[in-house]
Each structure stands twice: as structure tokens, then as C-alpha cells.
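Topology and contacts: notes
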Amino acid sequence: GQWLGISAAPVADDDGSVLVAKEEDFKESKRIRTTVKDRELVVFYNEGQYHALDLRCYHAGGPLHLGDIEDIGGQTCVICPWHQYTIALATGEGLYQGSDPQDPLRTKKWFSKGVKQRVHNTTVKNGGVYVTLSDTSIHFDSDDYACEKLKESENTV
Ligand code: FES
């Protein structure tokens, strides 16, 4: 849609960070999609902070750049448009709602499944937004959907 920014070809900097967009590119859409070293990413701008995550949802590869942003249990989250999984922008934690067995009223509360979606480091220099990919020696569930070739072979959104 017209609200979705798409960045120009990323440029690598000396320290390994990659320029993915200008700050002004976030003015309208508050998000851009980009590819860094064959990895599809989405960068969200929310309340003065940039958050870079793997673009494909850890559940089944859904397009997180098309997800709604919501405040859930005090954390800013993206809701995957495919099956409404909830992912915290700052940490990549998967959140789910359940009732606390200790709570006699069984009030629904939000719990964390742990980090499921890989997040990447962002920095801002001279009006440019840079991403440094996180250490891939540790596996996160979203890694299974992170490569471009997979996207092409599955012919998803
Ligand atoms: Fe994201 Fe299923 S693919 S919730």
C-alpha cells in the first residue's frame, strides 16, 4: 500500500552497519522493509525508537511489515496479519494470553514464550538509519523463514 516505505539499495558502512533508510522515510508509514545481506527485515519507528526485526513471522513466515502495532501488557508489539501472533518490538519475544493457574479469578494475562523473532541492532547517524545484523550463531525460530530463496520458492506475499 502507499503507506509502506521501501528503502533504496542498502549501503554497508565500515563498522558492518548497513544504511537502510533515512529518518524522513519513516515519517508517513513508521516502517520500512529492506534486505540486508539476503535477509528480509522490517524496521519500525515507534515513540522515538527504531526496531529492526526479521520480516517473516517465526510462526509460518507471515509478513510482519503489514502488521498492526499495539501496546500489549506495557510492551509495543506487532501483530502478525496471518494468524495474529503477537511479537514485542524491542525484544522479539512471542507473547500469548492465558489465565494464571494461581489466580482464582482466572483473569487473562499476557505471558512470554521467550525470544522467537530475531531482532537486529539499529543506530542513527547523520539522519540515516543503520542496521547491524545480530549474531546468527544463536538460533531463533524466525531464522527458518529469513532467507530470500525460501520466499521465492514459496511464492508468498
Ligand atoms: Fe505469523 Fe502465523 S505466520 S502468526
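Just above sits the structure.
First things first, this report covers the structure right here in the doc. (Residues numbered from 1 in each chain as written. Predicted model: local features only at pLDDT ≥ 70, side-chain atom pairs only at ≥ 80, totals over all residues. Heavy atoms only, no water.)

1. Brief notes about the nonpolar core
As a reminder, the rule being used: Grouping buried Ala, Val, Leu, Ile, Met, Phe, Trp, Tyr and Cys residues that are joined through side-chain atoms within 4.5 Å yields what is termed a nonpolar core. Relative accessibility thresholds used throughout: buried, under 20% of the residue-type maximum; exposed, over 50%; partly exposed, between the two (1.4 Å probe, protein chains only). Helix and strand labels come from DSSP, where a helix needs a run of H or I of at least four residues and a strand needs a run of E of at least two; each type is numbered from the N terminus.
Listed in full, the 12 residues of the largest apolar core are V18, V20, A21, F26, I32, V36, L41, V43, Y50, A52, V129 and V131. Sorting elements by how many residues they give to this core places strand 3 (residues 18-22) first, with three residues.

2. Remarks on the environment of D143
Short version of the rule: Contacts are assigned to residue pairs with any non-hydrogen atoms lying within 4.5 Å of each other. Two N or O atoms count as a polar contact when they lie within 3.5 Å, although within protein this holds only if one can serve as hydrogen donor and the other as acceptor, and sequence-adjacent residues are included solely when both atoms are side-chain atoms.
Inspection of the secondary structure assignment puts D143 in the loop between strand 13 (128-132) and helix 1 (148-154). Along the backbone, D143 and R56 are 87 residues apart, and their C-alpha atoms lie at a distance of 8.7 Å. Those residues in contact with D143 that lie beyond four places of it in its chain are R39, D54, R118 and I138. Polar contacts involving the side chain of D143 include one to the side chain of R118, which spans 2.9 Å.

3. Re the pairing of strand 13
Note the cut-off: Strands are treated as partners if at least two bridges between them are detected by DSSP.
A large share of strand 13 lies buried, amounting to four of its five residues. Direction of pairing for strand 3 relative to strand 13: antiparallel, over a ladder of four bridges. Its bridge partner being in strand 13, A21 is matched across the sheet by V129. As defined by bridge partners, strand 12 (residues 119-125) adjoins strand 13 across five bridges and the pair is classed as antiparallel.

4. Some thoughts on the packing of aromatic side chains
The condition is simple: Pairing of aromatic side chains requires ring centres within 6.5 Å, counting the rings of Phe and Tyr and the six-membered ring of Trp. Pairs whose planes differ by under 30 degrees are stacked, by over 60 edge-to-face, and all others tilted.
Here the structure, examined in full by the defined rule, presents five aromatic pairs. Each ring, one from F26 and one from Y45, has its centre 6.4 Å from the other, and the planes form 55°; the classification is tilted. In this pair, F26 sits in the loop between strand 3 and strand 4 (31-36) while Y45 sits in strand 5 (residues 39-46), placing the two residues 19 residues apart along the sequence. Its relative accessible area of 1% is what places F26 among the buried residues. Ring geometry for Y45 against Y50: centres 4.7 Å apart, planes inclined by 45°, an arrangement best described as tilted. Exposure remark for Y45: the relative accessible area of 27% places this residue in the partly exposed category. A network of ring pairs unites the aromatic residues F26, Y45 and Y50 as a single cluster.

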